[in-house]
Amino acid sequence: TSEQTRSWLTVLTADALARVGRAGEALAALDDARSLLAAQDGRTDEWMYDFDQGSLAVHAGTCLLNVARPDSAAEAFTDALRLLPTSCERRGAEIQTGLATARLACGDVEEAQRLTLTSLETFAARGSVAGLHRVRELRALFGAQGHLRVVSAIDDQVRALKAAAV
């Protein structure tokens, strides 16, 4: 098994550990995944998809959010966006929703709103149902935290996108 595949499996383990509240083990596994990918010798397994530093950064961001490290998660998502080719707009919007979640957890409501609205436009333009569902989850998170102005802004944007589509 290649270092790339082992890194991918290890970061999936880190995410699972984070989701069940085993933060210390999750962070150790995340460090291991980073080390494995850095040590990659160019050998890949035939069946392995493109798992690279950008993919690892997205997984790391999600893991770090789950262990209540939103500042570190925001850094990871920012790295993932930096490493993403500009042609990957839908994937970029997915990463932006993770970054929005991290920014909201850090208390940066305005930036979280900007990222959410930008993602909403991309998902609507690409017809991404899964992406629109993620925006809906973010809308609920804003609402649960009492950011009703942001909820209204998202609703207004949805109405404007619907009107433009008609």
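Refer to the structure presented above.
Here is a short report on the structure shown in this document. (Residues numbered from 1 in each chain as written. Predicted model: local features only at pLDDT ≥ 70, side-chain atom pairs only at ≥ 80, totals over all residues. Heavy atoms only, no water.)

Some thoughts on the overall build of the protein
Worth spelling out the cut-off: Working definition: helices are DSSP H or I runs of at least four residues, strands are E runs of at least two. Numbering for both runs from the N terminus. Radius of gyration means the value over C-alpha atoms here, while the globule rule gives 2.2 Å times the residue count to the 0.38 power. Using a 1.4 Å probe on the protein chains alone, a residue whose accessible area is under 20% of its type maximum counts as buried, one over 50% counts as exposed, and one in between counts as partly exposed.
Secondary structure summary: the protein contains eight helices and zero strands in total. The linear arrangement of helices and strands in the protein, starting from the amino end, is α-α-α-α-α-α-α-α. By the compact-globule yardstick of 15 Å for 166 residues, the protein fits well, its C-alpha radius of gyration being 17 Å. Each principal axis of the C-alpha distribution contributes one length, and for the protein these read about 50 × 30 × 20 Å. Relative to its full complement of 166 residues, the protein shows a buried share of 42%.

Overview of the environment of Gly 54
What counts here: Whether two residues touch is decided by their heavy atoms; if any such pair falls within 4.5 Å, the residues are in contact.
Summarising the element assignment, Gly 54 is placed in helix H3 (residues 53–66). Taking relative accessible area as the criterion, Gly 54 reaches 13% and is therefore assigned buried. Remark: the alpha-carbon pair of Gly 54 and Thr 78, spanning 24 residues in sequence, is separated by 9.7 Å. Ignoring anything within four residues of it in the chain, the contact list for Gly 54 reads Ala 80 and Leu 83.

A short note on the nonpolar core
Formally: By nonpolar core we mean a set of buried residues, namely Ala, Val, Leu, Ile, Met, Phe, Trp, Tyr and Cys, connected to one another through side-chain atoms within 4.5 Å.
Core analysis: the biggest nonpolar cluster contains 42 residues, and Leu 30, Leu 64, Phe 77, Phe 142 and Ile 154 have the highest contact counts within it. Put simply, the parts of the chain that give this core at least two residues each are helix H1 (3–19), helix H2 (23–38), H3, helix H4 (70–83), helix H5 (89–105), helix H6 (109–126), helix H7 (129–144) and helix H8 (148–165). Dropping the residues within four chain positions of it, Leu 64 is found in contact with Leu 27, Leu 30, Arg 34, Arg 69, Pro 70, Ser 72, Ala 73 and Ala 76.

Let's talk about the environment of Arg 90
Inspection of the secondary structure assignment puts Arg 90 in helix H5. Once residues lying within four places of it in the same chain are set aside, the contact partners of Arg 90 are Thr 122, Phe 123, Arg 126 and Ser 128.

A few points about the pattern of salt bridges
Where charged atoms from two side chains of opposite charge approach closely, those side chains can pair. Rule in force here: When a carboxyl oxygen of Asp or Glu lies within 4 Å of a side-chain nitrogen of Lys or Arg, that pair is called a salt bridge.
Taken as a whole, this structure holds 13 salt bridges when the rule is applied. The partner of Glu 94 in a salt bridge is Arg 91, and the shortest N-O contact between them spans 2.9 Å. Taken together, the residues Glu 94 and Arg 91, both in helix H5 and three residues apart, mark about one turn of the helix. Linking Arg 114 and Glu 111 is a salt bridge whose minimum nitrogen-to-oxygen distance equals 2.7 Å. Highlighted residues: Arg 114 and Glu 111, both in helix H6, separated by three residues, approximately one helical turn.

Remarks on the environment of Leu 36
Note that Leu 36 resides in helix H2. For Leu 36, a relative accessible area of 14% puts it in the buried group. Through-space distance from the C-alpha of Leu 36 to that of Trp 8 is 8.9 Å; in sequence the pair is 28 residues apart.

Details of the side chain of Gln 96
Of note, Gln 96 is situated in helix H5. Ignoring any residue separated from it by four or fewer positions in sequence, one finds Gln 96 in contact with Leu 81, Leu 115, Thr 118 and Ser 119.

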